[in-house]
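Okay, here's what each chain looks like letter by letter:
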Amino acid sequence: MIIKPKVRGFICTNAHPEGCAANVREQIDFVKSQGEIADGPKKVLVIGASTGYGLASRITAAFGCGAATLGVFFEKPGTERKTGSAGFYNSVGFHAEAEKAGLYAKSINGDAFSDEIKAKAIDVIKRDLGKVDLVVYSLASPRRTDPKTGELYSSVLKPIGQSYTAKNLNTDTLKIADMTIEAANEEEIANTVKVMGGEDWELWVEALKEADVLAENAKTVAYTYIGDKLTWPIYGKATIGRAKEDLDRAATAINQKLADLGGSANVAVLKALVTQSSSAIPIMPLYISILYKVMKEEGTHEGCIEQLYRLFTEGVYTDTPRLDDANRFRMDEKELAAELQAKVEAIWPNVTEENLFEETDYKGYNAEFLKLFGFGVDGIDYEKDVAPDVALDLE
Ligand SMILES: NC(=O)c1ccc[n+]([C@@H]2O[C@H](COP(=O)([O-])OP(=O)(O)OC[C@H]3O[C@@H](n4cnc5c(N)ncnc54)[C@H](O)[C@@H]3O)[C@@H](O)[C@H]2O)c1
């Protein structure tokens, strides 16, 4: 099959197996070029391991620390006629490289919110690893079925308190127009917390501890975004921000549960960048396009893997981590530097459809978006026939 990108709105509905595998190799090469991470984890569970920050976590643990990794994700395999999802192909690529490097890698494809997948992960850990010393929680999902009640909850991306009108870039048409998003009601806020808050992170750690598969001094991290004035109305101080605040509550609760093991839980604040999840958030594509322009000009631009390498070396595995007063690792300090934000804010009102490519790095944003699905990757022949039904040895 000849595979070319099929983009619908903020989603690309297909993916290129070879392009995805090449992306994984590029991230692995970055980690190797940075050198081994001292005193890193050795047995790692990554929940949400197939794309974005979770994949970068898995790669950093494996290729930066020599860790055995068990990945959990929710992805679609390809068939003879239809491509699989990018995360599926990323995982195929990861498994192949891990095998070459002699690193243990197993993966579970299924709903991480369910009791069944938690039990499966515990079985694999008991069988193969004994215990894990790091649990990365990197899920991003619009929906969650509560495992106890079976009720399905959906999250919303809406402001809280009042409606919000802001400039929005339609990435399909490249039209810029004001967009008004109505304020969320109480039920929508609660549902978003239910999906993207800390409850499931707590359930995972409880289940792992109960099954005695957490090592002494085990660590766990969950990821959040805070941002600044431009994104607060739709992110930080909106429904998703409320859900993310719940991660702080969960971190405190998990810390108590891990105290007897000498374990610790922290939220890690990461920077905004293009992933399948962030491209779905209104205003974000335009904000990220401006952010990329300024950060590239200043030489401070980072992708998922650069952020994760720093999270390991400047956060989780150093004696002098950069923590804020809420006990969160901060890796967003370059994005939030006052001078840099001032530059982004100065560009924001001036962006028009006409000057989009000069005033912002939309070109870079779009290239990175396509790259998430394995397209536009150097060295890949997109005219070549490739088989979409690539096998992945799953648990
Ligand atoms: N992208 C950003 O700009 C940004 C910035 C800071 C923090 N974060 C946070 O990082 C975390 C990861 O986000 P991302 O941007 O890397 O997202 P992503 O969409 O790239 O990755 C999401 C992962 O979750 C998995 N997943 C989704 N639903 C699942 C389910 N039901 N069961 C099992 N796996 C499931 C996917 O398979 C994938 O591995 C999120 O908590 C997000 O809020 C993102």
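Rules and cut-offs
In this numbering scheme, every chain counts its residues from 1 along its sequence in written order. With the structure being a predicted model, the display of local features is reserved for residues of pLDDT at least 70 and the display and counting of side-chain atom pairs for 80 or more, all residues being used for whole-chain, interface and lining totals. Side-chain numbers here rest on the full set of heavy atoms in the structure, without hydrogens or water. UniProt positions are given in the numbering used here, feature names are shortened, and annotations may be inferred rather than shown by experiment. Helix numbering and strand numbering both begin at the N terminus, where a helix is a DSSP run of H or I of at least 4 residues and a strand a DSSP run of E of at least 2. Note on exposure labels: buried denotes an accessible area under 20% of the residue type's maximum, exposed denotes more than 50%, and partly exposed covers the range between, all computed with a 1.4 Å probe on protein chains only. Throughout, a residue-residue contact means that at least one pair of heavy atoms, one from each residue, lies within 4.5 Å. Polar contacts, as used here, are pairs of N or O atoms within 3.5 Å; protein pairs need one atom able to donate a hydrogen and one able to accept it. Residues neighboring in sequence count only if both atoms are side-chain atoms. Cavity means a closed set of points on a 1 Å grid over the protein atoms alone, one where a 1.4 Å probe fits but cannot get out, pocket means an open set with protein on both sides within 12 Å along at least 5 of 7 lines, and lining means a residue has an atom within 4 Å of a point. Grid points are joined across faces, edges and corners, and a volume is the space filled by probe spheres set on the points. Ten residue types, Ala, Val, Leu, Ile, Met, Phe, Trp, Tyr, Cys and Pro, are classed as nonpolar, four, Asp, Glu, Lys and Arg, as charged, and the remainder, Gly among them, as polar. Think of it this way: a Phe, Tyr or Trp ring, Trp meaning its six-membered ring, pairs with another when their centres are within 6.5 Å, and the plane angle makes it stacked under 30 degrees, edge-to-face over 60, tilted otherwise. Two strands are said to pair when DSSP picks up at least two bridges between them. A fitted line through C-alpha atoms serves as each axis, taken over the contacting stretch for helices, and the angle formed by two N-to-C directions is quoted from 0 to 180°.

- The protein carries the name Enoyl-[acyl-carrier-protein] reductase [NADH] in UniProt, which gives Saccharophagus degradans as its organism.
- Under the Sequence similarities heading, UniProt states for the protein: "Belongs to the TER reductase family."

### Thoughts on the UniProt feature "binding site: substrate" in the protein
Inference 1: The UniProt entry lists Y225 under the feature "binding site: substrate", expressed in the numbering used here.
Inference 2: If you trace the backbone, Y225 turns up in the loop between β11 (214–224) and α7 (239–258).
Inference 3: Classification of Y225 as buried rests on a relative accessible area of 8%.
Inference 4: Apart from the residues within four sequence positions on either side, Y225 is in contact with T231, Y235, V269, L270, K271, A272, M284, Y287 and E335.
Inference 5: Polar side-chain contacts of Y225 include one of 2.6 Å to the side chain of E335.

### Side note on the layout of surface pockets
Inference 1: Each pocket or cavity is described by its volume, and for the second largest pocket that value is around 220 Å³.
Inference 2: Residue lining of the second largest pocket: T224, Y225, I226, W232, G236, K237, G241, K244, E245, D248, V267 and R328, and that is the complete set.
Inference 3: The element contributing the most residues to the lining of the second largest pocket is α7, with four residues.
Inference 4: The class makeup of the residues in the lining of the second largest pocket is four nonpolar, three polar and five charged.

### Notes on the side chain of S50
Inference 1: By the secondary structure assignment, S50 is in the loop between β3 (43–47) and α2 (52–65).
Inference 2: Polar contacts involving the side chain of S50 include one to the side chain of E75, which spans 2.6 Å.

### Description of unusual backbone geometry
Inference 1: In this structure, N217 takes a positive phi of about 60 degrees despite not being glycine.
Inference 2: Within the element layout of this structure, N217 appears in strand β11.
Inference 3: The class for N217 is partly exposed, based on a relative accessible area of 48%.
Inference 4: Even without being a glycine, N327 presents a positive backbone phi close to 65 degrees.
Inference 5: Mapped onto the secondary structure, N327 falls in the loop between α9 (304–316) and β13 (329–330).
Inference 6: Classification of N327 as partly exposed rests on a relative accessible area of 37%.

### Notes on the packing of aromatic side chains
Inference 1: Tallying each qualifying case throughout the model produces ten aromatic pairs.
Inference 2: Centroid distance F63 to F94: 6.0 Å. Interplanar angle 85 degrees. Geometry classified as edge-to-face. Here the residue F63 occupies a position in helix α2, and F94 occupies one in helix α3 (residues 86–100), the gap between them amounting to 31 residues. Comparing F63 with F94 shows no difference in burial state: the two are buried.
Inference 3: A centroid spacing of 6.1 Å and a plane angle of 40 degrees characterise the contact between F375 and Y382, whose relative ring orientation is tilted. Y382 shares its class with F375; the two are buried.
Inference 4: Connected via pairs of aromatic rings, a cluster forms that spans F357, Y362 and Y365.

### Quick word on the sheet that holds strand β5 (residues 105–109)
Inference 1: Strand order in the open sheet formed by seven strands is β5-β4-β3-β6-β11-β12-β13, and the pairing between neighbours is parallel. Strands at the two margins of the open sheet, each flanked by one partner only, are β5 and β13.
Inference 2: In this sheet, β11 lies alongside strand β6 (residues 132–137) in parallel orientation, the contact comprising five bridges. Counterpart to V135 in the pairing with β11 is T220.
Inference 3: Sitting on the sheet, α3 touches β4 (68–73) and β5, and the angle it makes with β5 is about 160 degrees.
Inference 4: Along the sheet, α7 contacts β11 and β12 (264–269); its crossing angle with β11, the most-contacted strand, is approximately 175 degrees.

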